[in-house]
Amino acid sequence: MPLKRYKPPRKYKIRRYGKIYRGSKRPPTYERLRLVLGIVAVVVVAFVGWSVSGPVMDFLSGTLEAHEPVSSSVPMPSSSLPEPSVPEPESEPEPVFVAPDFSQLHAAYLPPETVGNAMQLAAALEELESASVNAVLVDLKDASGQILYESGLPQVEEIGAQAPDAWNLRELSRTLSERGIALMGRMACFQDSIAASRIDGAGVLYADASYLWLDAEEENGGQPWLDPYAPQTIDYLSSLAQEAAELGVHQLVLSECTYPTAYGRESAVFNSEDGGFHVEGLQDFLTAMETAVGDRCGLSLFVPGADALGLNNNRYGVENPLALWDQVVLDLTPAGVQPALDAYLISTGPQADMAVFLEAFQPAIQDYVTGQEFCILFQPEQEGEARQAQLDALTEQYGDSWIFDSSQESA
């Protein structure tokens, strides 16, 4: 079969339509409109650029500070004037309790068992609110040497003088101040067997200075006493006084501020120049105590009525104790006037008729009361009228300052 010659496919001619996607020819008005819009856009851009160019350049150069937009209705403050400060509201200062003067103390004595018991203390304070009192008297240190409040002095702990059931003195002062009541604290001074036996150099010695002097035979319960002349004694007691003032005591009352009077005192040797005791020793001690408390609280001397009569003047260096200090808490309770009561009132006791008692008592101490301020400790009468008559008699003689001690009523 004869082969056919191969013929390549026929080439087709492709037409190209160059104007297939082009629109139709625009009218002349379209071109004119386009030109006008372009000119307007250029003018707007030029105007905006001219408007902001000045502030922008000022800001970039530091002559204009950025700030928040301010309403046009509010005037802009001058940049040269400081913005006014808004004063903070002042808080109301807490009222400060001011204790009454010594001459205006109307106090009640609260025994240690009351102060140390929260329920008894609360009940006592509630009762005192209706008794016209503005102060209370409590014991801070007793005649054995125990410190009845919680002391922070290391020496108190070192010598074992802290009472096991001690109470918080600062808290007591705060509680009383909130009720408008001042705090009087009584501190026994030289009758202190704990400190005398445990602070080296503080106790009164026997003549040979080899061991402590005792106010009785040891087998009969004799106890040592602190020496008012010893620097160790003054340092210890003045530290206690300073602490009491710092913890809120308004009036510090010093009791047992005497020399010992026991049999055998002629064998006692003190830390004075001649080994004896004199009124100057007590006066120097009182001055040291006044320095210790400073202006934080007052300082007064506790004097039993019998001592004020001069019957026990050898306890003070032959000087009547009323001459030692200008503020005196005078004890006119039965315990304070014995044994002078028998000498002045054979058949009539002070609680039977205080006016009669004062008629005998007042002339006996008249020579020592010039310039003195007295706060009288007394045992109140049971009946209201008798109690008021008793108080009137005391006020007439000694001024309007007193402390009633109801704890002796059951004694």
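A few points on the structure. (Residues numbered from 1 in each chain as written. Predicted model: local features only at pLDDT ≥ 70, side-chain atom pairs only at ≥ 80, totals over all residues. Heavy atoms only, no water.)

## Details of helix α3 (residues 118–128)
Basically, it comes down to this: Relative accessibility thresholds used throughout: buried, under 20% of the residue-type maximum; exposed, over 50%; partly exposed, between the two (1.4 Å probe, protein chains only). Strands are runs of DSSP state E lasting at least 2 residues, helices are runs of H or I lasting at least 4, and numbering of each runs from the N terminus. Arc definition: it is the arc formed by the directions from the helix axis to the C-beta atoms. Contacts between residues were defined by any pair of non-hydrogen atoms, one from each residue, lying within 4.5 Å. For the purposes of these results, a polar contact is taken to be a pair of N or O atoms within 3.5 Å, where, inside protein, one atom must be able to donate a hydrogen and its partner to accept one; residues adjacent in sequence count only when each atom of the pair is a side-chain atom.
Restricting attention to buried positions, one finds in α3 the residues L121, A124, L125 and L128. Seen along its axis, α3 keeps its buried residues to an arc of 100 degrees; they face one direction. Across α3 from its buried face, at more than 90 degrees, point the exposed residues M119 and E127. Buried residues in α3 make contact with β1 (106–109), α2 (112–115), β2 (135–141), α5 (169–178) and β12 (402–404). A distance of 3.0 Å separates the backbone nitrogen of M119 from a side-chain oxygen at the start of α3, and that oxygen is part of N117.

## So, the packing of aromatic side chains
Two numbers describe a pair of aromatic rings. These are the distance of the centres and the angle of the planes. How we decide: For Phe, Tyr and Trp, where Trp contributes only its six-membered ring, two rings pair if their centres lie within 6.5 Å, and the inter-plane angle classes them as stacked under 30 degrees, edge-to-face over 60, or tilted in between.
According to the stated counting rule, one finds 10 aromatic pairs in the structure shown. On the numbers, 6.5 Å between centres and 65 degrees between planes, the contact of Y229 with F270 is edge-to-face. With Y229 in the loop between β6 (205–206) and α7 (231–246) and F270 in the loop between β8 (268–269) and α8 (279–293), this pair connects stretches of sequence that are 41 residues apart. Summarising the burial analysis for this pair, Y229 and F270 share the class buried. On the numbers, 6.3 Å between centres and 70 degrees between planes, the contact of F378 with W402 is edge-to-face.

## Describing the packing of helix α12 (residues 354–365) against helix α13 (residues 384–398)
The description of two helices packed together rests on the angle between their axes and the distance between the axes. Definition in use: Orientation is described by lines fitted to C-alpha atoms, with helices fitted over the stretch in contact, and by angles between N-to-C directions that extend from 0 to 180 degrees. Roughly parallel means an angle under 35 degrees; roughly antiparallel means over 145; roughly perpendicular covers 65 to 115; every other angle is labelled oblique. For a crossing to be left-handed, the near helix must be turned anticlockwise from the far one by less than a right angle; the clockwise case is right-handed. Throughout, the ten residues Ala, Val, Leu, Ile, Met, Phe, Trp, Tyr, Cys and Pro are labelled nonpolar, Asp, Glu, Lys and Arg are labelled charged, and all others, Gly among them, are labelled polar.
Contact geometry for α12 and α13: axes closest at 10 Å, N-to-C directions at 15 degrees. Viewed along their axes, α12 and α13 adopt a mutual orientation that is roughly parallel. Here α12 and α13 pass one another in a crossing that is right-handed. On α13, the residues that touch M354, A355, L358, F361, Q362 and I365 of α12 are Q390, A393, L394, Q397 and Y398. A class-by-class count of the residues in the contact of α12 with α13 yields 8 nonpolar, 3 polar and no charged.

## Examining the side chain of N320
The topology assignment puts N320 in the loop between α9 (305–308) and β10 (327–331). At a separation of 2.9 Å, a polar atom in the side chain of N320 contacts the main-chain amide nitrogen of L322. If sequence neighbours within four positions are ignored, N320 has contacts with D307, A308, L309, G310 and Y368.

## Examining the environment of E158
Tracing the backbone shows E158 in helix α4 (residues 154–158). Remark: the alpha-carbon pair of E158 and R198, spanning 40 residues in sequence, is separated by 8.9 Å.

## Details of the packing of α7 against α8
Packing of α7 against α8 brings their axes to within 8 Å, and their N-to-C directions diverge by 35 degrees. In the crossing of α7 with α8, the sense of the turn from one axis to the other is right-handed. Between α7, through I234, L237, S238, A241, Q242 and A245, and α8, the contact on the second element is made entirely by F285, A288, M289, A292 and V293. Here the contact of α7 with α8 is composed, by residue class, of 9 nonpolar, 2 polar and no charged.

## Overview of a negative patch on the surface
Here is the rule we go by: Here a patch means residues that are over 30% exposed by relative accessible area and free of salt bridges, tied together within 9 Å if like-charged and within 5 Å if nonpolar (Val, Leu, Ile, Met, Phe, Trp, Tyr). Using a 1.4 Å probe, accessible areas were evaluated by the Shrake-Rupley method; residue-level cover was limited to the displayed protein chains. Between Lys or Arg on one side and Asp or Glu on the other, a salt bridge is scored when a side-chain nitrogen of the former is within 4 Å of a carboxyl oxygen of the latter. Lys and Arg are tallied as positive, Asp and Glu as negative. Neither His nor the chain termini are counted. For charged residues, the charge sits on one atom: NZ in Lys, CZ in Arg, CG in Asp, CD in Glu.
A contiguous patch of negative charge on the surface is contributed by D101, E290, D326 and E373. Within the fold, D101 resides in the loop between α1 (28–61) and β1. Residue class for D101 comes out exposed when judged on its relative accessible area of 55%.

## A look at the side chain of S238
Checked against the element boundaries, S238 lands in helix α7. For S238, a relative accessible area of 15% corresponds to the buried category. A polar atom in the side chain of S238 sits 2.6 Å from the backbone oxygen of I234. Once residues within four sequence positions are removed from consideration, S238 is found in contact with M289 and A292.

## Focus on the pattern of salt bridges
Tallying each qualifying case throughout the model produces 6 salt bridges. Residues E129 and R179 are paired through a salt bridge, measuring 2.7 Å at the closest nitrogen-oxygen approach. Placement of E129 in the loop between α3 and β2 and of R179 in the loop between α5 and β5 (182–188) is noted, with a sequence separation of 50 residues between them. Here R186 ties to D139 by a salt bridge, and the two come within 2.8 Å at their closest N and O atoms.

## Remarks on the pairing of strand β11 (residues 373–378)
Stated precisely, the cut-off is as follows: Here, any two strands with at least 2 DSSP bridges between them count as paired. Here is how to tell: hold the view so the strands point away, follow the path from the first strand over the helix to the second, and if it runs clockwise the crossover is right-handed.
Across the 6 residues of β11, 5 count as buried, placing the element largely inside the fold. The pairing of β10 with β11 spans 5 bridges and is classified as parallel. Its bridge partner being in β11, D331 is matched across the sheet by L377. Inspection of the sheet shows β11 paired to β12 by 3 bridges, in the parallel sense. By the bridge assignment, L377 is partnered in β12 with I403. Between β11 and its parallel partner β12, the chain crosses via α13, and the hand of that crossover is right-handed.

## Some remarks on the environment of G281
Locating G281 in the fold gives a position in helix α8. Separated by 53 residues in sequence, G281 and P228 have C-alpha atoms that sit 6.5 Å apart. Discounting chain neighbours no more than four positions away, the residues touching G281 are Y229 and Y259.

## Quick notes on the nonpolar core
Stated formally: We call a set of buried residues a nonpolar core when its members are Ala, Val, Leu, Ile, Met, Phe, Trp, Tyr or Cys and they connect through side-chain atoms within 4.5 Å of each other.
Core analysis: the largest hydrophobic core is formed by 87 residues, its most contacted members being Y236, L330 and L332. Top element by residues in this core is α8. It accounts for 7 residues. Those residues in contact with Y236 that sit more than four places away from it in its chain are K141, I147, Q155, V156, I159, A161, D192, A195 and I199. In terms of nonpolar packing, the next biggest core, distinct from the first, is built from 14 residues, L137, V253, F302 and C375 among them.

## Examining α12
Worth spelling out the cut-off: By this rule the span expected of a helix is its residue count minus one, scaled by 1.5 Å.
Look at α12: 16 Å from first C-alpha to last across 12 residues, which is about the 16 Å you get at 1.5 Å a residue. Along α12, the residues that are buried comprise M354, F357, L358, F361, Q362 and I365. Each buried residue of α12 sits inside an arc of 120 degrees when the element is viewed along its axis, so together they form one side. Opposite its buried face, α12 presents the exposed residues E359 and P363, each directed more than 90 degrees away.

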